[in-house]
Every structure is written in C-alpha cells, then in structure tokens.
Amino acid sequence: MKKYSLFILSALLLTACSSCDLLFNSNKQKDTEREPSYTPNYAWQLKLDGMQIHSQAYTADNYLYLLQNIEREKEDGVQLIKIDMETGAYVWKADQIFDGHQWYSSNIVKADNKLYFMRKNGIIYCYSDVDGTRLARIQVGATEAEAIRNRCFLKTIVTDGTALYWGSAGEPGSISAHLLKLDLDAIDYTQNGAIQTRVPRSLYTKADWRQCIFWSAPIIDDNMLYFNTYNRDYPDGYSTLVAIDLQSETVKWEKQLYGVAGTTLNTLLVRDDILYVINSSLLRVNKHTGDILTRYDSEENSAEHPATTPSPSLCGIWYDNGRLYYTTICSSDAHSQTGIPKKFIYSLVCIDAKTLKFLWGFHPVSGTSSTYPVVKDGKAYIVTHIDGLRVFDAKTGKLLGVDKSIIAWGNEANVLYKDYFIFFNKNFKTNRATLCAIRV
C-alpha cells in the first residue's frame, strides 16, 4: 500500500461515524431480516449517572472501577466509581472532579488498596479503595508547565505495585521525559486535598528525542516493562520494541522493527513466554530475548489478503485457545476509500496465535467495531458501534445471533467476569450509558 495508507485508514474511524447513522436507518430492517437474532439473558443493568465513558475499566476481585464523565453548566469533569460486578450495585462514588477536561483521563491502576489515575493537567489523583476517600493529589513536575509536559501522553499508566510508569512526548528538542517513573513511597497520603509537587524520573532516553516517543501503551509482565516506539518514517523506517528490567532500571533488550508503524494504542499482549505485537505488522516475539519468532505483514498485497491492521485506538486483544481476537480500523465504507476488495474488509478478526494468519472475520454491516471481543465457552461476543451486540462461533466465525437494540460508541470497555459479559449500552439521544451484565 502507499506510504500513508495507514493514516488514511485511520481517518475512516471519523468518516464512518458521520455516515453510519444514515446507513443504520436504511439498513436496519434489511439487516434484521437476514441476520439471526440473539436474546440476552440479563443478570443486571445499571444506569450510570455520568455521560460517555472513555477510560478503560479496571477490575479487581468482584469489583469494577470506572471514571464516568460528569457535566454541569459551566464545567466538565469526571467521577471515580466502584461497582459490585455480582449485583450491579454501586459500592461508592468518589468526589466529582471539575477541571474543565471531561474527555481526558488515564486508565485506573491499583497498588496497596489505593487507586490512581492521571488527568490532562498532569495531576495524579489517589483514592482509597475502601471507601473512595481522596488521599492525595500529585503534580508531576516542579512547575505547572513541567507537569503538563510530563503528563500521560497515551492516557495509559501502569504500575508494578511500587511505582507508576507512563509515556510522555516531552517536548521537541528535549531528550528527557519520555518513559517516566514516580515512586509511590514519595507521596504523602495524609495531605488529602493539598496538591503535592513530585518530579518523576526518566527511564528511557535517546540522543534523538524522536526515537523515544511511543504511542503504544506500555505493559508490565514479570517485573519487565515493554513498549514499542513510534515509527516516524513509516513504512520505510522502524519502530523499536523495548524491554526494561524494572528492578535494575536498565534496558534488557531492544529490537528494531522495520516497517512497523507503532501507531496502535494497546498493541502488546504477553501470553506465557510470548510477547505479541499487533500493529501494522503482526509479530510473535520471545519476551526474554526480543527474538522475532513469527512475523506477518498484513498490509502487503492487501488486494489479495484480508486487512488485519488493528484499530489505532484498539481497546484490547483477546487470547483464547491458541487464537487472538481483536478489531481493525475498517468500516463498511473502507473498500471504496482504500481500494481493498470488499471481501477482504473486516472490522473484527480472529488470527492463529502461532502463525499469525487470518482465520475468520466479520464484515461490518454499517459501522465499525473499536472495542474488543470476549470469548467464553466457544462463543465470541462483541458490542459494535451500531451493528448491535453480536455473537459468533469462536472457532468458525459463524454469526449465531444479533441484538440490534444494543449499541455503543464502539470504544467503551468490555469485561468478562465469571459467567457475566459486562458492557455498555448507549442511548445516543441522551448520551447516557447503561452498564449491562448478561449471562454467557
């Protein structure tokens, strides 16, 4: 494909949303007639107080944690909530935060019965897991301007239980502040509302600052932190896959990945000794050495092979029984805008976890699928943008049923808890969401 094909395809996420409502109205009756129906068995439903959910959900034991968006007349904000996944009831609701940045929060992480997340202004909030009491606010920088530069660029932070780690773009010309670390024992948890100033440390820098930027969210496994840098010269340049030993704070290995864009948010998954990289190319890597075991260049000869490049805002990758399931960047209009044959356009794909070859996929009816599917007892479930809740045979990809009454923006979190598939059902008129749990 052409040099900028990945970015053209990425734009389809925006163009699809503007046209999908018209397509939905014209195709709804036709699609209902030709597709088998699915009737969910609800365990519980909870109407949320807030608006659209943008942060990824965090789960621990039987609890689900979310940041819901709150609106009032002149300010926008968020609220941290804790929900019992057994009953669908609120456990507690933390204080509402109004800082004018409704749509920007990092994910939530937990360490030692404390919950952390970061806001756009570079402030880290800490709450008690017991009752939702705010314990601390931390400005990550000696000045407000420095805190903004040090803020979480990817909306993703990770923790090993002793520190918080995140990626920051720093600033042009700077070689510092790209992979940052803040020790948790440096925080004073007795200050409550007072803002504390803490300066994080940089763990990964290069002489050329552009070689340090990464869009792919980092992950931690066995005290190792992995991330993939951004390829600014794609497709001719390379990204760098990096493994950092968190105990020694040293780089264990680096691997240059030629022709890999590095533009997918949640691109990494560890399963046993394998590190999967799901990006413009698909890679299976030895997590201990960085050696590439398998590579599949999905965008080559797209006129003859299925398009398997993931969505740039990929919410996650699901592993089950030697297979990987994830969503792509393709909408139902992708064939006309890219030249890829319609038969090769899929918004949900299943690939072999060893060979990385395409096994089956879902042709989008009218919208896109930007969440990720969950697999339970041989069935794959996914809530699409406007193509409904869809249930597939996880092995063959056969469509088992659709519930068109369930819709979503397509980037909300999905959770599998025991025999419950938990997801958001969206009311587009009110912009409110209902958190649903169905028995699967």
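Reference entry: report on the structure contained in this document.

Parameters and conventions
- Residues numbered from 1 in each chain as written.
- Predicted model: local features only at pLDDT ≥ 70, side-chain atom pairs only at ≥ 80, totals over all residues.
- Heavy atoms only, no water.
- Helix = DSSP H or I, 4+ residues; strand = E, 2+ residues; numbered from the N terminus.
- Buried < 20%, exposed > 50% of the residue type's maximum accessible area, 1.4 Å probe, protein only.
- Contact = heavy atoms within 4.5 Å.
- Pairing = 2+ DSSP bridges.
- Axes fitted to C-alpha atoms, helices over the stretch in contact; angles between N-to-C directions.
- Polar contact = N/O pair within 3.5 Å; in protein donor to acceptor, adjacent residues only side chain to side chain.
- Core = buried A, V, L, I, M, F, W, Y, C linked by side-chain atoms within 4.5 Å.
- Phe/Tyr/Trp six-rings, centres within 6.5 Å; stacked < 30°, edge-to-face > 60°.

### A few points about the overall build of the chain
The number of helices and strands found in the chain is three helices and 33 strands. Evaluated residue by residue, the chain yields a buried proportion of 57% over its 440 residues. Taking the intrachain contacts of the chain between residues at least 6 apart in sequence as the baseline, contacts between residues at least 24 apart amount to 51%.

### So, the sheet that holds strand 2 (residues 58-60)
Taken together, the four strands give an open sheet; going across it, the order is 2-3-4-5, and neighbouring strands pair in antiparallel fashion. Two strands bound the open sheet, and with one partner strand each, they are strand 2 and strand 5 (89-98). Mean inter-strand twist for the sheet, computed between neighbouring axes without regard to direction, equals 25°. Examined bridge by bridge, strand 2 and strand 3 (residues 63-71) share three bridges and lie antiparallel to one another. Bridge assignment links tyrosine 58 to a residue of strand 3, and that residue is tyrosine 65.

### Brief notes about the environment of tyrosine 258
Along the chain, tyrosine 258 turns up in strand 18 (residues 250-258). With a relative accessible area of 47%, tyrosine 258 lands in the partly exposed category. When the C-alpha atoms of tyrosine 258 and serine 281 are compared, they prove to be 9.6 Å apart, with 23 residues separating the residues in sequence. Setting aside residues up to four positions removed in sequence, tyrosine 258 forms contacts with Asp236, Gly237, Tyr238 and Arg295. Within polar-contact distance, the side chain of tyrosine 258 engages the side chain of glutamine 256 at 3.0 Å.

### A word on the nonpolar core
In this structure, Tyr325, Val383, Leu389, Phe392, Phe421 and Phe423 are the most contacted members of the largest nonpolar core, which totals 26 residues. Broken down by secondary-structure element, the contributors of at least two residues to this core are strand 25 (348-352), strand 26 (358-362), strand 27 (374-376), strand 28 (379-383), strand 29 (389-393), strand 32 (420-427) and strand 33 (432-439). Sort the elements by how many residues they give to this core and strand 28 lands first, with four residues. The residues touching phenylalanine 423, leaving out its near neighbours within four places in the chain, are Val383, Leu389, Ile406, Ala413, Asn414, Thr434, Leu435, Cys436 and Ile438. Of all hydrophobic cores here, the second largest spans 18 residues; its members include Cys126, Ile138, Leu164 and Leu180.

### Concerning unusual backbone geometry
In most cases, non-glycine residues show a negative phi, while peptide bonds are predominantly trans. In the segment running from tyrosine 234 into proline 235, the intervening peptide bond is cis, with an omega of 5°. Inspection of the secondary structure puts proline 235 in the loop between strand 16 (224-228) and strand 17 (238-245). Its identity as a non-glycine residue notwithstanding, asparagine 223 has a phi of 65°, on the positive side. Its identity is not glycine, yet lysine 418 carries a phi of approximately 50°, on the positive side. With respect to the secondary-structure elements, lysine 418 resides in the loop between strand 31 (415-417) and strand 32. Overall, lysine 418 belongs to the exposed group, its relative accessible area being 55%.

### Section: the packing of aromatic side chains
Summed over the entire model, instances satisfying the criterion amount to 18 aromatic pairs. Between tyrosine 58 and tyrosine 65, the ring centres sit 5.6 Å apart and the planes meet at 40°, which makes this aromatic pair tilted. Ring geometry for phenylalanine 362 against phenylalanine 392: centres 5.6 Å apart, planes inclined by 55°, an arrangement best described as tilted. With phenylalanine 362 in strand 26 and phenylalanine 392 in strand 29, the pair connects residues that are 30 residues apart, well separated along the chain. The pair formed by phenylalanine 362 and phenylalanine 392 is uniform in burial state, with each residue classed as buried. Put simply, the rings of Tyr38, Tyr381, Phe421 and Phe423 touch in pairs and so form one group of aromatic residues.

### Some words on the pairing of strand 12 (residues 179-183)
Among the five residues that make up strand 12, four are buried, leaving the element largely enclosed by the rest of the structure. With five bridges joining them, strand 11 (residues 163-167) and strand 12 adopt antiparallel strand pairing. Opposite alanine 163, over in strand 12, you have aspartate 183 as the bridge partner. The pairing of strand 12 with strand 14 (residues 201-204) spans three bridges and is antiparallel. The partner of lysine 181 across the bridge, within strand 14, is arginine 201.

### Side note on the sheet that holds strand 20 (residues 274-278)
Strand order in this open sheet of four strands is 19-20-21-22, and the pairing throughout is antiparallel. At either end of the open sheet lies a strand with only one pairing partner, and these are strand 19 (268-271) and strand 22 (292-296). The sheet shows a mean angle of 15° between the axes of neighbouring strands, direction not considered.

### Here we look at the environment of leucine 67
Structurally, the position occupied by leucine 67 is in strand 3. On the accessibility criterion, leucine 67 (1% relative accessible area) is buried. When the C-alpha positions of leucine 67 and isoleucine 81 are compared, they lie 6.4 Å apart, and in sequence the two are 14 residues distant.

### Brief notes about the side chain of threonine 434
The topology assignment puts threonine 434 in strand 33. For threonine 434, a relative accessible area of 16% corresponds to the buried category. In this structure, threonine 434 is in contact with Gln45, Leu46, Lys47, Phe423, Phe424 and Asn425, ignoring residues within four places of it in sequence.

### Focus: the pairing of strand 17
Taking burial as the measure, the eight residues of strand 17 include six buried ones, the bulk of the element. The pairing of strand 16 with strand 17 spans five bridges and is antiparallel. Paired with leucine 225 across the two strands is isoleucine 244, which belongs to strand 17. With eight bridges joining them, strand 17 and strand 18 adopt antiparallel strand pairing. In the strand pairing of strand 18, alanine 243 is matched with tryptophan 253. Counted along the chain from strand 17 to the antiparallel partner strand 18, the turn is four residues long, and its residue glutamate 249 has a positive phi close to 55°.

By themselves these figures say nothing about function.
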